[in-house]
Amino acid sequence: MKFKRILLKLSGEALMGKKKYGIDPQRLEQYAQEIRKVKDIGLEIAIVIGGGNIFRGESAEAIGIDRVQGDYMGMLATVINGMALQSALEKAGMFTRLMSGIKVEQVCEQFIRRRAVRHLEKGRIVIFGAGIGNPYFTTDTTASLRAIEIEAEVVLKGTRVDGLYTADPEKHPDAKRFTQISFQEVFKNGYEVMDMTAFTLCQENNLPIIIFDMNKPGNLMKIVQGDEVGTLVH
Ligand code: UDP
């Protein structure tokens, strides 16, 4: 096993599956099974979940809601996703804790670093909801920050594409995928890996990121075992 403790970042959109909004139960179950496999070999797993399938702060102003209010709505959306993911993981036989960046006492614990680490040591999967709890941040930044705090060895960013390309592979069929690339190269070429805040946090703390296709069965397991899957940014 290459890693002992990972932070998996899943976007809210990924949970939509083929739907246009909300949560696709099949996708949720598929993710639970993938996570189960790596849990069974002893990996410690923390997950940051996004909220884009329900609400994004940036879209608030278009409907007459101010940005900060919208961001809190986005954070609550990630709590809803976290609850759905928690249920799916527990249904698949895992023990979990949902920890929130804002107080939502009836449904999840508040994020307390030492407690999160203890959960992981006890074999529980920790899901971080509500981002870092502040407006103007993203769940990618949450993934970087929490990974550093809990001393995860890597951020695994599960996406729809299987890594970082020289150009958008959906528009440029001749685009090439990197198997690995340095933080500096990414920055110099303006490639989009994560937003700058999230990216800089990883760079400054020497926290590698692996971008990979979470929808391809077995990919997560391959990464954990050290196979070259997706793109490693380091
Ligand atoms: N958000 C926030 N602070 C955070 C994390 C998230 O304000 O620390 C809000 C923000 O409005 C964002 C929304 O929650 O648009 C959903 O998160 P994100 O867009 O990162 O989700 P994803 O794109 O991964 O689905």
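A brief look at the structure comes next.

Topic: a nonpolar patch on the surface
Argument step 1. A cluster of nonpolar residues, Val68, Tyr72, Tyr136 and Phe137, forms a patch on the protein surface that exposes about 380 Å² of accessible area.
Argument step 2. Along the chain, the position of phenylalanine 137 falls in the loop between β5 (125-129) and α4 (139-149).

A short note on the sheet that holds strand β4 (residues 109-110)
Sheet strands associate in pairs through backbone hydrogen bonding, adopting either a parallel or an antiparallel arrangement.
Argument step 1. Read from one edge to the other, the open sheet built from nine strands follows the order β4-β3-β5-β2-β1-β6-β8-β9-β7, with strand pairing classed as mixed. A strand with exactly one partner marks an edge of an open sheet, and here the two such strands are β4 and β7 (180-181).
Argument step 2. As paired strands, strand β2 (residues 44-49) and β5 are joined by three bridges and run parallel to one another. Note on β5: the bridge partner recorded for alanine 46 is valine 126.

Structural notes on the pattern of salt bridges
Argument step 1. Scanning the model with the defined rule gives 14 salt bridges in all.
Argument step 2. The partner of aspartate 40 in a salt bridge is arginine 36, and the shortest N-O contact between them spans 3.3 Å. One end of the pair is aspartate 40 and the other is arginine 36, both in helix α1 (residues 25-40) and four residues apart, which spans about a single turn.
Argument step 3. The partner of glutamate 109 in a salt bridge is arginine 97, with the nearest N and O atoms 3.4 Å apart. Here the residue glutamate 109 occupies a position in strand β4, and arginine 97 occupies one in strand β3 (residues 96-100), the gap between them amounting to twelve residues.
Argument step 4. In this structure glutamate 109 comes out as partly exposed when scored by relative accessible area, which is 23%.
Argument step 5. By relative accessible area, arginine 97 is classed as partly exposed at 28%.
Argument step 6. By sharing partners, the salt bridges in this structure join Lys4, Arg5 and Glu44 into a single network.

Thoughts on the packing of α4 against helix α6 (residues 196-204)
Argument step 1. One way to put it is that α4 packs onto α6 with a least axis distance of 7 Å and a crossing angle of 20°. On the basis of the axis angle, α4 is roughly parallel to α6. Pair α4 / α6 crosses with left-handed handedness. Contacts between α4 and α6 involve Asp140, Thr141, Ser144, Leu145 and Ile148 from the first element and Thr197, Ala198, Leu201 and Cys202 from the second.
Argument step 2. For the contact of α4 with α6, the per-class residue count stands at five nonpolar, three polar and one charged.

Cut-offs used in this document
Residues numbered from 1 in each chain as written. Predicted model: local features only at pLDDT ≥ 70, side-chain atom pairs only at ≥ 80, totals over all residues. Heavy atoms only, no water. Patch = residues over 30% accessible without salt bridge, like charges linked within 9 Å, V, L, I, M, F, W, Y side chains within 5 Å. Areas by Shrake-Rupley, 256 points an atom, 1.4 Å probe, with all protein chains shown as cover. Salt bridge = Lys/Arg side-chain N within 4 Å of Asp/Glu carboxyl O. Helix = DSSP H or I, 4+ residues; strand = E, 2+ residues; numbered from the N terminus. Pairing = 2+ DSSP bridges. Buried < 20%, exposed > 50% of the residue type's maximum accessible area, 1.4 Å probe, protein only. Axes fitted to C-alpha atoms, helices over the stretch in contact; angles between N-to-C directions. Parallel < 35°, antiparallel > 145°, perpendicular 65-115°, else oblique. Left-handed = near helix turned anticlockwise from the far one by under 90°. Contact = heavy atoms within 4.5 Å. Nonpolar A, V, L, I, M, F, W, Y, C, P; charged D, E, K, R; others polar.

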